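Here's the letter readout for the chains.
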Amino acid sequence: MSKKQKLKFYDIKAKQAFETDQYEVIEKQTARGPMMFAVAKSPYTGIKVYRLLGKKK
């Protein structure tokens, strides 16, 4: 099994960036079509933080 690469996320509430490999990749329907997002839990506030990965291929 391949290890996930670390991604940077930004917690707007805490105004802090963090890097983690503990995230889930989800697909969401947007006005521009289906997009892929990485969702992680912030170590600062515990809220879900989203990062756009790009269009679904």
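In what follows, the structure referred to is the one given above.
Since we're looking at a predicted model, the values are computed, not measured.

Peer 1: Explain the pattern of salt bridges to me, please; I cannot follow it from the model alone.
Peer 2: A side chain of one charge can pair with a side chain of the opposite charge if their charged atoms are brought near each other. In total, this model carries one salt bridge according to the counting rule given. The partner of lysine 56 in a salt bridge is glutamate 27, with the nearest N and O atoms 3.2 Å apart. Of this pair, lysine 56 sits in the segment after β5 (48-55) while glutamate 27 sits in strand β3 (residues 23-30), and the two are 29 residues apart along the sequence. Glutamate 27 sits in the partly exposed class, given a relative accessible area of 44%.

Peer 1: Even after reading the chapter, I still don't get the packing of aromatic side chains, so can you show me in this structure?
Peer 2: Ring pairs (aromatic) are described by centroid distance and by the angle formed between their planes. In the structure shown here, the tally under the stated rule is four aromatic pairs. Between phenylalanine 18 and tyrosine 44 the ring centres are 6.2 Å apart and the planes differ by 75 degrees, which places this aromatic pair in the edge-to-face class. In this pair, phenylalanine 18 is assigned in strand β2 (residues 16-20) and tyrosine 44 in the loop between β4 (33-41) and β5, connecting sequence segments 26 residues apart. For phenylalanine 18, a relative accessible area of 8% corresponds to the buried category. Counting every residue linked through ring pairs, the aromatic cluster contains Phe9, Phe18, Tyr23 and Tyr44. In this structure, lysine 4 packs its charged tip against the face of tyrosine 23, placed 4.7 Å from the ring centre.

Peer 1: So what exactly am I meant to see when it comes to the sheet that holds β3 here?
Peer 2: Either a parallel or an antiparallel arrangement is found when strands of a sheet pair, and the pairing is made through backbone hydrogen bonds. Reading across the sheet, the three strands line up as β3-β4-β5 and stay open at both edges, with antiparallel pairing between neighbours. Of all strands in the sheet, those bounded by a partner on one side alone are β3 and β5. Across the sheet, the axes of successive neighbouring strands diverge by a mean angle of 35 degrees, strand direction being ignored. Note that β3 and β4 share eight bridges and pair antiparallel. Bridge pairing links tyrosine 23 to alanine 40 in β4.

Peer 1: Got a minute to help me understand the pairing of β5 in this structure?
Peer 2: On a regular strand, one side chain projects to one face of the sheet and the next to the other, so that they alternate. Both β4 and β5 contribute to a ladder of seven bridges, which runs antiparallel. Across the sheet, residue lysine 41 finds its bridge partner in β5, namely lysine 48. The loop that links β4 with its antiparallel partner β5 comprises six residues; one of these, glycine 46, has a positive phi angle of about 85 degrees.

Analysis parameters
- Position labels on residues start from 1 in each chain and follow its written sequence.
- Only residues with pLDDT of at least 70 get local features here, since the model is predicted, and only at 80 or more are side-chain atom pairs given and counted; chain-wide, interface and lining totals rely on the full set of residues.
- Calculated side-chain values reflect all of the structure's heavy atoms, with hydrogen atoms and water omitted.
- A pair is scored as a salt bridge if a Lys or Arg side-chain nitrogen falls within 4 Å of a carboxyl oxygen belonging to Asp or Glu.
- Here a strand is any run of E in DSSP of at least two residues, a helix any run of H or I of at least four, and the numbering for each starts at the N terminus.
- Relative accessibility decides the category of a residue: with a 1.4 Å probe and only protein chains considered, values under 20% of the type maximum give buried, values over 50% give exposed, and everything between is partly exposed.
- Centre distance within 6.5 Å is the pairing criterion for rings of Phe, Tyr and Trp, where only the six-membered ring of Trp is used; planes under 30 degrees apart are then read as stacked, over 60 as edge-to-face, and the remainder as tilted.
- A ring has a charge above it when a Lys NZ or an Arg CZ is no more than 6 Å from the ring centre and no more than 35 degrees off the ring normal.
- Strands are labelled as partners when DSSP assigns at least two bridges between them.
- Think of each axis as a best-fit line through the C-alpha atoms, taken over the contacting stretch in the case of a helix, with angles from 0 to 180 degrees between the N-to-C directions.

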